Amino acid sequence: MQEEAKIMQLAERMSRLGTETAFEVLAAAKAREAAGHEVIHLEIGEPDFETPEYIVEAAVGALRSGAHHYTPATGILELRQVIATAVAKTRGIRVDPDQVVVTPGGKPIIFFSLLALAGDGDEVIYPNPGFPIYESMIRYVGAKPVPVPLREELDFRLDVEELLGLITDRTRIIIINSPNNPTGSVLTAEDLENIASKVVDRNLMVLSDEIYSRILYEGEHASITRYPGMQEKTILLDGFSKTYAMTGWRLGYGVMNRGLAQQIGKLMINSNSCTAAFTQIAGIAALTGDQGPSLRMVETFRQRRDRVVELLNEIAGVTCRLPQGAFYAFPNIKSFEKPAREIQNLLLTKADLALLSGTAFGCFGEGYLRFSYAASMENLEEGVRRMASTLARMRA
Ligand code: PLP
């Protein structure tokens, strides 16, 4: 360590950067596989489907026909137009292409929004349990993370009154995420309307992470952008990773007011220059082409969800609510009276079952595990069997 300090000294802010435990568990699971173990992977949050063929063809065609160069920093106009049309239709709002910023994945929209809007001493409210990058990035930019707990009694929706009670004059951003990672919860239209009516006149912005908007099992997706005055005050994050099984392509976007879009465009110029041109052209195909493969994928997720939740509830000492969206179940394992992290490690080392402790998503995830059902039915059933027998042995 001392030797390292002689070579370089990391900036203080690096000590505030967090990580995604999913990647660590994946690495540990791969190491076990290399040693000859047969691991069931339920840890990573990505569809186990291939990107639909017509999208792949569009990317190959783009490369063959010379899409080899930089594009405008905020994205190719045609893609921004197609995104504007799609978002307008699905959210019931008017969107101009100037309000769209295309990025390499949806993740940079989280980073850029925080860089642009929150600084030292500012406060950012975020869901906990929630996507770990929120807290990591809030800390990194020097702001104060203010968690709003998602509780099982409310089906893991946030309590709107509790959220409103956390707002102070220093609050710059409220992050909401529906459907939610890791719980699969969905905010109701009433929740959103209630939040909107209370924050519309406050000097803050809402970052609405809607990356799972199309992976929804009941009703229609509700977005806070549709309530009076909220479109100007909301950064809507969405993308292609989950909907079209394109996690490795890196393609996402934010929709926001024009002034902020210009600022985020500057952050794009300073970091990525632009998103890969052929990936963007594939994005046009994705949104304008046959939505059948995407819809069938969601239908498969629904069947797995129903089966997995049924099986999890059959394990003695485990209870699991029915998630309404995304592809995660969040079983309650409190009856085992052990830290979730310990159970996560035990399942990996004793049963070759890779999944995540609820605390990988924040302190309010204690007592839960995140079980990704983006895996084959056969692996899911085997995963539940391994979980049941390991937990039974723990009880004995
Ligand atoms: N937001 C949430 C809640 C997520 O779960 C993820 C990915 O896991 C992302 C954003 C980022 O997705 P991507 O950068 O692949 O578009």
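Source: prediction; values computed, not measured.

**Quick notes on the environment of A22**
Reasoning step 1: Assignment of secondary structure puts A22 in helix α2 (residues 21–34).
Reasoning step 2: Along the chain, A22 and M377 lie 355 residues apart, while their C-alpha atoms are 21 Å from each other.
Reasoning step 3: Excluding anything up to four places from it in sequence, A22 contacts E43, I44 and L356.

**Notes on the packing of aromatic side chains**
Aromatic ring pairs are described here by two measures, namely the spacing of the ring centres and the angle between the planes.
Reasoning step 1: According to the stated counting rule, one finds twelve aromatic pairs in the structure shown.
Reasoning step 2: For the pair F301 and F327, a centre-to-centre distance of 5.0 Å together with 45 degrees between the ring planes defines the contact as tilted. Of this pair, F301 sits in helix α12 (residues 292–314) while F327 sits in the loop between α12 and β9 (328–329), and the two are 26 residues apart along the sequence. Accessibility classification places F301 together with F327 in one group, the buried group.
Reasoning step 3: One aromatic cluster is present, built from ring pairs that chain together F49, Y212, F301, F327 and Y328.
Reasoning step 4: The positively charged end of R395 is found above the aromatic ring belonging to F336, 4.7 Å away from the centroid.

**A look at the site of the ligand**
Reasoning step 1: As a matter of local geometry, the ligand sits amid 13 residues, with G106, D209, S241, K242 and R250 nearest to it.
Reasoning step 2: In the environment of the ligand, an oxygen atom lies 2.9 Å from a nitrogen or oxygen atom belonging to the side chain of N181.
Reasoning step 3: D209 places a side-chain nitrogen or oxygen 2.6 Å from a nitrogen atom of the ligand.
Reasoning step 4: A breakdown of the residues in the shell around the ligand according to their chemical character gives four nonpolar, five polar and four charged.

**Overview of the domain arrangement of the chain**
Reasoning step 1: Entries for the chain in the domain assignment read domain 1 (2–50 + 292–395) and domain 2 (53–288).
Reasoning step 2: Look at where the C-alpha atoms of domain 1 and domain 2 centre, and you get two points 24 Å apart.
Reasoning step 3: If you look at the interface, domain 1 gives 40 residues, while domain 2 gives 39 residues.
Reasoning step 4: Here domain 1 meets domain 2 over a buried area of about 3300 Å², counting both sides, of which 57% is carbon and sulfur.
Reasoning step 5: Put simply, domain 1 and domain 2 have five salt bridges between them.
Reasoning step 6: Of the charged contacts, one joins R302 and E218 as a salt bridge, the two residues approaching to 4.0 Å between their closest N and O atoms.

**Thoughts on the side chain of T243**
Reasoning step 1: Mapped onto the secondary structure, T243 falls in the loop between β7 (234–239) and β8 (252–255).
Reasoning step 2: A relative accessible area of 4% places T243 in the buried class.
Reasoning step 3: Those residues in contact with T243 that lie beyond four places of it in its chain are I211, R214, S294 and M297.

About the thresholds
Residues numbered from 1 in each chain as written. Predicted model: local features only at pLDDT ≥ 70, side-chain atom pairs only at ≥ 80, totals over all residues. Heavy atoms only, no water. Helix = DSSP H or I, 4+ residues; strand = E, 2+ residues; numbered from the N terminus. Contact = heavy atoms within 4.5 Å. Phe/Tyr/Trp six-rings, centres within 6.5 Å; stacked < 30°, edge-to-face > 60°. Buried < 20%, exposed > 50% of the residue type's maximum accessible area, 1.4 Å probe, protein only. Lys NZ or Arg CZ within 6 Å of the ring centre and 35° of its normal. Near = heavy atom within 4 Å. Polar contact = N/O pair within 3.5 Å; in protein donor to acceptor, adjacent residues only side chain to side chain. Nonpolar A, V, L, I, M, F, W, Y, C, P; charged D, E, K, R; others polar. Domains from an automatic or database assignment. Buried area = accessible area lost by both parts, 1.4 Å probe. Salt bridge = Lys/Arg side-chain N within 4 Å of Asp/Glu carboxyl O.

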